[in-house]
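What the coordinates show
Chain by chain, the residues run as shown.
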Amino acid sequence: MGIINLQGVTKIYQTKEVETVALENVNLEVKAGEFLSVMGPSGCGKSTMLNLIGLLDVPTEGAVTGRMKDAEMAEFRNKTLGFVFQSFHLINSLNVLDNVELPLLYRKSTEKSRRETARAVLEKVGLSHRTKHFPSQLSGGQCQRVAIARALAMDPEILCFDEPTSALDPQLTQEVLSVIRQLADEKRTMIVVT
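Throughout what follows, the structure given in this document is the object of discussion. No experiment lies behind these values; they were computed from the predicted model shown. (Residues numbered from 1 in each chain as written. Predicted model: local features only at pLDDT ≥ 70, side-chain atom pairs only at ≥ 80, totals over all residues. Heavy atoms only, no water.)

Points about the sheet that holds strand β4 (residues 61-64)
Definition in use: Criterion used throughout: strands pair if DSSP finds at least two bridges between them. Each helix is a run of H or I in the DSSP string that is no shorter than four residues. Each strand is a run of E no shorter than two, and both are numbered from the N terminus. Every axis corresponds to a line fitted to the C-alpha atoms, with the helix fit spanning only the stretch in contact, and the corresponding angles, defined between N-to-C directions, vary from 0 to 180 degrees.
Strand order across the open sheet formed by three strands is β2-β1-β4, with antiparallel pairing between neighbours. Each end of this open sheet is capped by a strand with a single partner; those strands are β2 (19-30) and β4. Within this sheet the neighbouring strands show an average axis-to-axis angle of 25°, counted without direction. Bridge count between strand β1 (residues 4-14) and β2: eight bridges; the pairing is antiparallel. The residue bridging Leu 6 from the neighbouring strand is Leu 28, located in β2.

Here you go:
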């Protein structure tokens with residue numbers, strides 16, 4: 001059995017006037033250490049599928065990674081999964097180091113340990129020299145690398161990337177893809193939507 005499993009997953013968005021089928025009867029298994037790239041045109045359900053895998057949404061029908069209670073889902077999201085969003089989701093009032101350290105506050109670790117971890121993952125994505133800068137002082141590629149560092153800080157088993165280069169110019173895209181390639185070489189389980 002894979003580390004991620006979708007079984008007969010359907011997702012329907014309903015408004016008063018319109019029913020939109022975003023996914024229909026999707027079956028997917030991702031094993032530990034696999035790299036999965038999900039490609040398709042805009043609006044085909046890629047991000048919806050990633051949100052379901054990340055337990056940020058629930059399917060209309062079917063099951064994702066088995067059935068979990070709310071506490072189990074929270075545990076899965078906090079300990080097993082690292083999510084890198086298309087729009088970075090950095091907190092503008094926090095510097096780079098504090099943005100990366102933020103998810104570590106959920107662990108019962110010392111401030112020193114949190115700082116060491118944050119600095120180590122920033123080194124891994126090539127931003128150890130930008131720890132005191134704020135998101136507004138960074139390029140789009142640097143913001144995306146901070147978002148990747150934040151996801152790595154929890155040392156997740158699975159990394160999910162939702163269109164990580166869509167808002168970047170070609171040079172910045174290469175920076176981010178280089179980091180993703182490096183992570184793939186570490187045999188992490190990765191799902192990239194593009």
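Now, onward.
Focus: the side chain of Asn 5
Heads up, the rule is: Classification of residues uses two cut-offs on accessible area relative to the type maximum, computed with a 1.4 Å probe and protein chains only: under 20% is buried, over 50% is exposed, and between them is partly exposed. Whether two residues are in contact is decided by their heavy atoms: any pair within 4.5 Å suffices.
Locating Asn 5 in the fold gives a position in strand β1. Note on Asn 5: relative accessible area 6%, which makes it buried. Each residue touching Asn 5, except ones within four places of it in the same chain, is listed here: Leu 28, Glu 29, Ala 63, Val 64 and Thr 65.

Concerning a nonpolar patch on the surface
Quick reminder of the rule: Two joining distances apply to patches: 9 Å for like charges and 5 Å for nonpolar side chains (Val, Leu, Ile, Met, Phe, Trp, Tyr), and every residue must have over 30% relative accessible area and no salt bridge. Calculation of accessible area relied on Shrake-Rupley with a 1.4 Å probe; when residues are assessed, cover is drawn exclusively from the protein chains displayed. The salt bridge criterion pairs a side-chain nitrogen of Lys or Arg with a carboxyl oxygen of Asp or Glu, the two atoms within 4 Å.
Together, Ile 91, Leu 102 and Leu 105 give the surface a local cluster of nonpolar side chains, amounting to about 230 Å² of exposed area. Along the polypeptide, Leu 105 turns up in the loop between α3 (96-101) and α4 (111-124). Classification of Leu 105 by relative accessible area gives partly exposed; the value is 48%.

Looking at the nonpolar core
Stated formally: Grouping buried Ala, Val, Leu, Ile, Met, Phe, Trp, Tyr and Cys residues that are joined through side-chain atoms within 4.5 Å yields what is termed a nonpolar core.
Formed by 32 residues in total, the largest nonpolar core has its most connected members in Val 100, Leu 122, Val 125, Ile 148, Phe 161 and Leu 183. Elements with a contribution of two residues or more to this core: α3, α4, α5 (140-153), β6 (158-162), α6 (170-185) and β7 (189-193). For this core, the element with the highest residue contribution is α5, accounting for eight residues. Among residues more than four places away in sequence, those in contact with Leu 122 are Val 96, Leu 97, Val 100, Leu 127, Ser 128, Thr 131 and Ala 149. With 23 residues, the next largest nonpolar core counts Leu 28, Met 73, Phe 76 and Phe 83 among its residues.

Some remarks on the sheet that holds strand β5 (residues 81-84)
Sheet architecture is open: four strands sit in the order β3-β7-β6-β5, paired in parallel fashion. Two strands bound the open sheet, and with one partner strand each, they are β3 (35-38) and β5. Taken pair by pair, the neighbouring strands of this sheet meet at an average axis angle of 10°, ignoring direction. Note: β3 against β7, four bridges, orientation parallel.

Digging into the packing of α5 against α6
Definition in use: Just so you know how the angles are binned, under 35 degrees is roughly parallel, over 145 roughly antiparallel, 65 to 115 roughly perpendicular, and the rest oblique. When the near helix sits turned anticlockwise from the far one by under a right angle, the crossing is termed left-handed; a clockwise turn instead gives a right-handed crossing. In this classification, the charged set is Asp, Glu, Lys and Arg, the nonpolar set is Ala, Val, Leu, Ile, Met, Phe, Trp, Tyr, Cys and Pro, and all remaining amino acids, among them Gly, are polar.
One can describe the packing of α5 onto α6 by two numbers: an axis separation of 8 Å at closest approach and a directional angle of 20°. Classified by the angle their axes make, α5 and α6 are roughly parallel. Taken as a pair, α5 and α6 cross one another with a handedness that is right-handed. Between α5 and α6, the residues in contact are Gly 140, Gly 141, Gln 142, Gln 144, Arg 145, Ile 148 and Leu 152 and Leu 172, Glu 175, Val 176, Val 179 and Leu 183, respectively. For the contact of α5 with α6, the per-class residue count stands at six nonpolar, four polar and two charged.

Observations concerning unusual backbone geometry
Look at Glu 163: it is not a glycine, yet its phi comes out positive at around 45°. By the element assignment, Glu 163 lies in the loop between β6 and α6. Residues other than glycine seldom take positive phi values, yet Lys 187 does so here, at roughly 65°. Here Lys 187 shows up in the loop between α6 and β7. Residue classification places Lys 187 among the exposed residues on the basis of a relative accessible area of 63%.

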